[in-house]
Protein chains: 2
Amino acid sequence: MEQLKKRIVEEGRILPGGIVKVDGFLNHRIDTSLMDAMADEFAKYFDTKNITMILTAEASGIALATICAQKYGVPMVFAKKAKSDNIEGGLYHSDIFSYTYRKKVTLLVSQNWIGKDDRVLIIDDFMANGCAVRGLIDIVEQSGAELVGIGIAVEKGFQEGGKTIREMGIDLHSLAIIDEAEPDHIVFRDAT
Amino acid sequence: MEQLKKRIVEEGRILPGGIVKVDGFLNHRIDTSLMDAMADEFAKYFDTKNITMILTAEASGIALATICAQKYGVPMVFAKKAKSDNIEGGLYHSDIFSYTYRKKVTLLVSQNWIGKDDRVLIIDDFMANGCAVRGLIDIVEQSGAELVGIGIAVEKGFQEGGKTIREMGIDLHSLAIIDEAEPDHIVFRDAT
């Protein structure tokens with residue numbers, strides 16, 4: 001998606017160690033007009049008339065997932081991290097390792113809000129190792145719902161998440177895949 | 001706001017101890033059409049043409065804040081909780097006690113995304129003790145920005161948050177204030 005790649009090049013910053021900072025428009029300060037455009041772009045690829053819900057994980061996926069849900073006319077559910085006293089009762093849960101926080105966290109989704117009749121599109125803003133997304137896939141599988149696909153804004157193609165998930169046979173579509181990221185040097189995969 | 005109060009009465013659940021569960025439409029599964037209506041409602045009260053940004057705290061405030069930002073044509077910034085390795089450099093921070101997680105957490109906002117020329121509307125989905133919102137107020141004050149007001153979807157009027165913040169002279173507007181909450185018994189404050 002040219003608009004997104006342009007924003008990454010012009011406003012993103014690459015830090016040593018392949019860290020891609022896009023916090024000015026994607027995951028700390030949110031540009032909702034860009035979110036709108038990304039939701040339209042996902043709708044060109046996925047059959048969004050055939051889904052019943054959007055699923056994401058807190059926190060930074062929520063903004064994009066909200067705009068997608070609004071545009072496709074379905075509810076958005078976000079998996080919570082760690083045990084919250086405000087969710088009692090039946091929960092699907094999946095333990096993941098968070099590289100952001102460098103510790104194990106548990107993704108939780110109430111069994112009330114996802115079930116076997118659901119057709120789920122997972123949306124997230126960013127994928128590197130893919131741990132959060134694999135936790136969401138696990139929860140969809142536990143619920144018996146159908147996983148229609150996974151839409152990611154920015155994928156770090158030089159880490160394992162995307163490869164692993166595509167090898168599972170899941171329909172993963174990323175709007176920008178970064179194959180190389182060093183200070184003053186960024187290479188996007190063709191066709192993104 | 002009648003539509004919101006109706007949803008709370010029909011779909012919410014009151015648990016012993018005054019816990020108000022609205023996770024089916026407000027803070028776990030998100031009904032974006034309700035968020036749209038709430039954003040319109042805030043716009044009747046606040047001069048949204050006069051703000052430069054929406055500020056909220058992760059995670060459950062993000063969905064409503066995103067829809068508000070989209071509608072008012074400004075960026076949305078969400079304060080992160082705890083130290084994330086993905087935000088380096090200058091940060092405003094405020095320590096709060098999270099009743100949800102029963103521990104101290106730190107709210108963080110990059111100094112890049114809020115400054116003295118900003119006019120800030122704080123938006124959050126829920127207020128009880130008001131700890132998260134007071135942390136956000138603290139960050140706005142640190143930044144030198146102007147706090148235009150605070151919009152809350154559901155306020156628990158029988159806890160101290162709203163009273164404390166109104167006594168600070170801050171323009172706080174809640175769309176539904178719950179003054180009594182017991183199983184099968186809910187009382188809203190007049191004029192909400």
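Our structure is the block above this text.
Overview of the structure.

Analysis parameters
- Residues numbered from 1 in each chain as written.
- Chains lettered and ligands numbered in written order.
- Predicted model: local features only at pLDDT ≥ 70, side-chain atom pairs only at ≥ 80, totals over all residues.
- Buried ≥ 20, exposed ≤ 12 C-beta atoms within 10 Å, placed from the backbone.
- Helix = DSSP H or I, 4+ residues; strand = E, 2+ residues; numbered from the N terminus.
- Pairing = 2+ DSSP bridges.
- Right-handed = clockwise from strand over helix to strand, strands pointing away.
- Contact = placed C-beta atoms within 7 Å.
- Expected span 1.5 Å × (residues − 1).
- Arc of directions from axis to C-beta.
- Least-squares fit on C-alpha atoms with pLDDT ≥ 70 in both.
- Axes fitted to C-alpha atoms, helices over the stretch in contact; angles between N-to-C directions.
- Parallel < 35°, antiparallel > 145°, perpendicular 65-115°, else oblique.
- Left-handed = near helix turned anticlockwise from the far one by under 90°.
- Nonpolar A, V, L, I, M, F, W, Y, C, P; charged D, E, K, R; others polar.

## Some thoughts on the pairing of strand β5 (residues 76-81) of chain A
With respect to burial, β5(A) is a largely interior element, 6 of its 6 residues being buried. By the alternation rule, side chains of β5(A) split into A:M76, A:F78 and A:K80 and A:V77, A:A79 and A:K81, which are all buried. With 4 bridges joining them, strand β4 (residues 53-57) of chain A and β5(A) adopt parallel strand pairing. Paired with A:L55 across the two strands is A:V77, which belongs to β5(A). Crossover handedness for the path β4(A) to helix α3 (residues 62-72) of chain A to β5(A): right-handed. As paired elements, β5(A) and strand β3 (residues 29-30) of chain B share 2 bridges and run antiparallel to each other. For A:V77, the partnering residue across the bridge sits in β3(B) and is B:R29. As paired strands, β5(A) and strand β7 (residues 103-110) of chain A are joined by 2 bridges and run antiparallel to one another. Considered in β7(A), the bridge of A:K81 is made with A:L107.

## A closer look at the interface of chain B and chain A
How big an interface is tends to be expressed through the accessible area that disappears when the partners come together. If you look at the interface, chain B gives 30 residues, while chain A gives 30 residues. Elements supplying a minimum of two residues to the side of chain B that touches chain A: β3, α3 (62-72) and β5 (76-81) of chain B.

## What about helix α2 (residues 32-45) of chain A?
The periodicity of an α-helix, 3.6 residues per turn, causes residues three or four places apart in sequence to face the same way. Residue and element names in this part refer to chain A. Taking 1.5 Å per residue, 14 residues should reach 20 Å; α2 reaches 20 Å between its end C-alpha atoms and fits that length. Residues T32, M35, M38, A39 and F42 constitute the buried set of α2. Taken down its axis, α2 places every buried residue within 105° of arc, on the same side.

## Structural notes on the environment of A:I137
All names here are of chain A. Along the chain, the position of I137 falls in helix α4 (residues 131-143). Once the C-alpha coordinates of I137 and A37 are considered, the two residues, 100 residues apart in sequence, prove to be 25 Å apart. Residues within four places of I137 in sequence aside, it is in contact with L147 and I170.

## Here we look at the relation of the copies chain B and chain A
Overlaying chain B on chain A yields an RMSD of 0.0 Å, the required transformation being a rotation through 180° with an accompanying axial translation of 0.0 Å. The relationship between the two copies is best expressed as a two-fold rotation axis. When C-alpha distances to the rotation axis are compared across chain B, the minimum falls at B:A59, with a value of 2.6 Å. Looking at the interface residues of chain B, 100% of them are also at the interface in chain A, so both copies use one shared face.

## Let's talk about the environment of B:M1
Residues and elements named next belong to chain B. Among the secondary structure elements, M1 is positioned in the segment before α1 (2-11). Between the alpha carbons of M1 and E41 there is a distance of 7.7 Å; along the sequence they are 40 residues apart. Setting aside its immediate chain neighbours within four residues, M1 contacts E41, L175, A176 and T192.

## Topic: the packing of α2(A) against α3(A)
Residues and elements named next belong to chain A. The N-to-C vectors of α2 and α3 enclose an angle of 60°; their axes lie 9 Å apart at closest approach. Considering their axes alone, α2 and α3 lie oblique with respect to each other. Considering the relative orientation of α2 and α3, their crossing is right-handed. Of the residues in α3, those in contact with T32, M35, D36, M38, A39, F42 and A43 of α2 are A63, L64, I67, C68, K71 and Y72. Its residues placed into classes, the contact of α2 with α3 shows 10 nonpolar, 1 polar and 2 charged.

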